[in-house]
Amino acid sequence: MVRISVLIIFLFGFPLHILASLSPPQGYLINCGSTEEKTYNDVTWIPDGDYINVGNASTIKFPNLMPMLETLRYFPDMSARKYCYMVPVTKGANYLVRTSYYYGGFDGGDVPPVFDQIVEGTKWSLVDTRANYANDMATYYEVIVGATGRTLSVCLARNENTTSSPFISALELMRLEDSVYNATDFSMYALSTIARHRFGYEGPMVGYPDDQFNRYWEAYTDKNSVTTSKSNTTSVEFWNLPPDAVFSTGLTTSRVENLTVQWPPMPLPPADYYVALYFQDDRSPSLFNWRMFDVLINGEIFYKGLNVSTGGTMVYSASWPLSGLTTITLVPDVNSPIGPIINAAELLMVVPLGGRTHPRDVIGMMALAKEFNKTPPDWSGDPCLPAGNSWTGLTCSEDSLARVISLNLTNYGLGGSISENIANLTGIKSIWLPGNYITGTIPEMGTLRQLAFLHLENNQLTGSIPESLGTLPKIQEIFIENNNLDYTIPDNLKNKTGLVLQVSPGNS
């Protein structure tokens, strides 16, 4: 049976059958490459056709494979700058995004390709499943990101090390409650999951339904003593809403000793991290049951004088610098009647977002993509970002809100019509669409005050020449010959100084 492991930056293994259990949480469980719904352990995985329109599907021939890994979608088009899923979301809400990969030799090869994955216009991580695949393991990645619009894009992209087609087996989006990780400004940052453990526990991984968002809590034990809780904790009182199950066990030590836990068990790259630690007194509820201790991370005070009761406590930092191996030390207060305890912890890397395309330009480009036929395969996701993965034919500014400054799809074979929403591209300087099969009329472009070059020659356009073109202050060239336009030229174009206007031959 194929197993799956976490590979965000580090690897954690667990049995694949835990991926889907009981009813799904609020969100999407998408079976990539599948054409039909598949149910496994009462979870329904849906086909991906409604969320992507590029790539090819393939079936993996492997015995005892979990249904969500039996198919995949791969992307052989080397000309595309990215391949994007677009999933409906609630604007302003935060989502846990999980991508899963099992290569299975679908292309006849022995080694999986290496490629990038992109969320909402930011390069999120490298996908490298080679080590896991060599050990009959699948791989997943997880990030928490805010939705800035009504759809959320998750994309794959080739890089200089990509030698064959990028692929994906499954995609999951889980909506989080507003309180979860709410100290993070998701308009500026994403959180990439590094480790999430329940301490003093050796059983199977905890996910849904214990965790309503299907976060994966792995088992963690070490040389410290293990304790079992004798009281109940109501996790809804915690901002991050951890599952009640993670408080049922913990690590502890005697009253006069420090509790030292090396966690996570692997070295970390230098970065800022979101750190959340969870504690609960394991004794029966009583007015006299309390524990007090200081919390240190790598010898620095993380929280001083923490008083832990049977009701439970969480302490966190939204941005804590870490590097290398990490040690959590709990130092008991001299008056504390009992030693320290820790039940669970989360560690997520703070990932600065790479900006996004200006909303006006997103609206404009999405409308063009909808009205045109035979658009490039990468015309999905963020139009401009990340840099190097913009839509084919676009040149964009390098502002934090990137603007489209040029559109060039000369002789591309486009059909359809030019959307009136092209008027949203108020930063554009040149439009080159000659030599296509574009029909319909030339829309009003009076808002395009930066436009200098407009080339629409050799198409199948009809109607009149918009008078608004004569109001553009920076226009230098208008080439519209060899269409089926009304030859009448507006006076403000006839008399415009410095304008090269090419109308004939080929119009009425």
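This one's a predicted model, so the numbers in the text were calculated from it and none came from an experiment.

### Description of the confidence of the model for the chain
Then, number 1: Of the residues in the chain, 93% reach a pLDDT of 70 or more, and the chain-wide mean stands at 91.
Then, number 2: Of the regions scoring below 50 in pLDDT, residues 1-23 engages in 95 contacts with residues more than four places distant in sequence or in other chains.

### Notes on the state of the cysteines
Then, number 1: Counted by the stated rule, this structure contains two disulfides.
Then, number 2: The disulfide that involves cysteine 84 links it to cysteine 155, with 2.1 Å between the sulfurs. With the S-S dihedral at roughly 105°, the linkage between cysteine 84 and cysteine 155 falls on the right-handed side. Of this pair, cysteine 84 sits in strand S8 (residues 83-88) while cysteine 155 sits in strand S13 (residues 151-157), placing them 71 residues apart in sequence.
Then, number 3: Given a relative accessible area of 4%, cysteine 84 falls into the buried group.
Then, number 4: Among the residues examined, cysteine 155 registers a relative accessible area of 2% and is labelled buried.

### Thoughts on the environment of proline 337
Then, number 1: Within the secondary structure layout, proline 337 lies in the loop between strand S25 (327-332) and strand S26 (341-342).
Then, number 2: Placed 36 residues apart in sequence, proline 337 and isoleucine 301 show a C-alpha to C-alpha distance of 22 Å.

### Some points on the nonpolar core
Then, number 1: Counting 100 residues, the largest nonpolar core has Leu152, Leu171, Leu277 and Phe279 as its most contacted members.
Then, number 2: No other element matches the eight residues that strand S21 (residues 268-279) contributes to this core.
Then, number 3: Dropping the residues within four chain positions of it, leucine 171 is found in contact with Tyr28, Leu29, Ile30, Cys32, Tyr85, Val87, Val97, Arg98, Thr99 and Val154.
Then, number 4: Ranked by size, the runner-up nonpolar core spans 40 residues in total, among them Leu385, Ala402, Leu461 and Leu485.

### What to know about unusual backbone geometry
Comment: phi is negative for the bulk of residues other than glycine, and the bulk of peptide bonds are trans.
Then, number 1: Between tyrosine 208 and proline 209 the backbone carries a cis peptide bond, its omega angle lying at 15°.
Then, number 2: Looking at the element boundaries, proline 209 is found in the loop between strand S16 (189-199) and strand S17 (218-220).
Then, number 3: The omega torsion of the bond from leucine 385 to proline 386 falls at -5°, within 30 degrees of zero and hence cis.
Then, number 4: The topology assignment puts proline 386 in the loop between strand S29 (372-373) and strand S30 (394-396).
Then, number 5: Backbone geometry places aspartate 136, a non-glycine residue, at a positive phi of 55°.
Then, number 6: Relative to the elements of secondary structure, aspartate 136 occurs in the loop between helix H1 (130-134) and strand S12 (137-146).
Then, number 7: Unusually for a residue other than glycine, tyrosine 181 sits at a positive phi of about 55°.
Then, number 8: Within the fold, tyrosine 181 resides in the loop between strand S15 (170-175) and S16.

### Some words on the layout of surface pockets
Unoccupied space between atoms shows up once a probe the size of one water molecule is rolled over them.
Then, number 1: By volume, the largest pocket amounts to about 820 Å³.
Then, number 2: Of all the secondary structure elements, the ones that give two or more residues to the lining of the largest pocket are S12, S13, strand S28 (356-357) and helix H2 (359-371).
Then, number 3: When residues in the lining of the largest pocket are grouped by element, the largest group, four residues, is from H2.
Then, number 4: Computed from the structure, the second largest pocket encloses a volume of approximately 390 Å³.
Then, number 5: Along the wall of the second largest pocket there are 18 residues; nearest its centre are Asn53, Met86, Met366, Trp379 and Ser380.

### Concerning the pattern of salt bridges
Then, number 1: Evaluation of the coordinates by the stated rule reveals 13 salt bridges.
Then, number 2: Across the pair aspartate 128 and arginine 130 runs a salt bridge, and its minimum N-O distance is 2.8 Å.
Then, number 3: A relative accessible area of 21% places aspartate 128 in the partly exposed class.
Then, number 4: Arginine 130 gets classed as partly exposed once you look at its relative accessible area, which sits at 41%.
Then, number 5: The residue arginine 196 makes a salt bridge to glutamate 142 at a minimum N-O spacing of 3.0 Å. Residue arginine 196 is located in strand S16, and its partner glutamate 142 is located in strand S12; the two are separated by 54 residues in the primary sequence.

Scoring rules and cut-offs
- Residues numbered from 1 in each chain as written.
- Predicted model: local features only at pLDDT ≥ 70, side-chain atom pairs only at ≥ 80, totals over all residues.
- Heavy atoms only, no water.
- pLDDT = per-residue confidence, 0-100.
- Contact = heavy atoms within 4.5 Å.
- Disulfide = S-S within 2.5 Å.
- Helix = DSSP H or I, 4+ residues; strand = E, 2+ residues; numbered from the N terminus.
- Buried < 20%, exposed > 50% of the residue type's maximum accessible area, 1.4 Å probe, protein only.
- Core = buried A, V, L, I, M, F, W, Y, C linked by side-chain atoms within 4.5 Å.
- 1 Å grid on protein atoms, 1.4 Å probe; cavity = no way out; pocket = protein on both sides within 12 Å on 5 of 7 lines; lining within 4 Å.
- Points joined across faces, edges and corners; volume = space filled by probe spheres on them.
- Salt bridge = Lys/Arg side-chain N within 4 Å of Asp/Glu carboxyl O.

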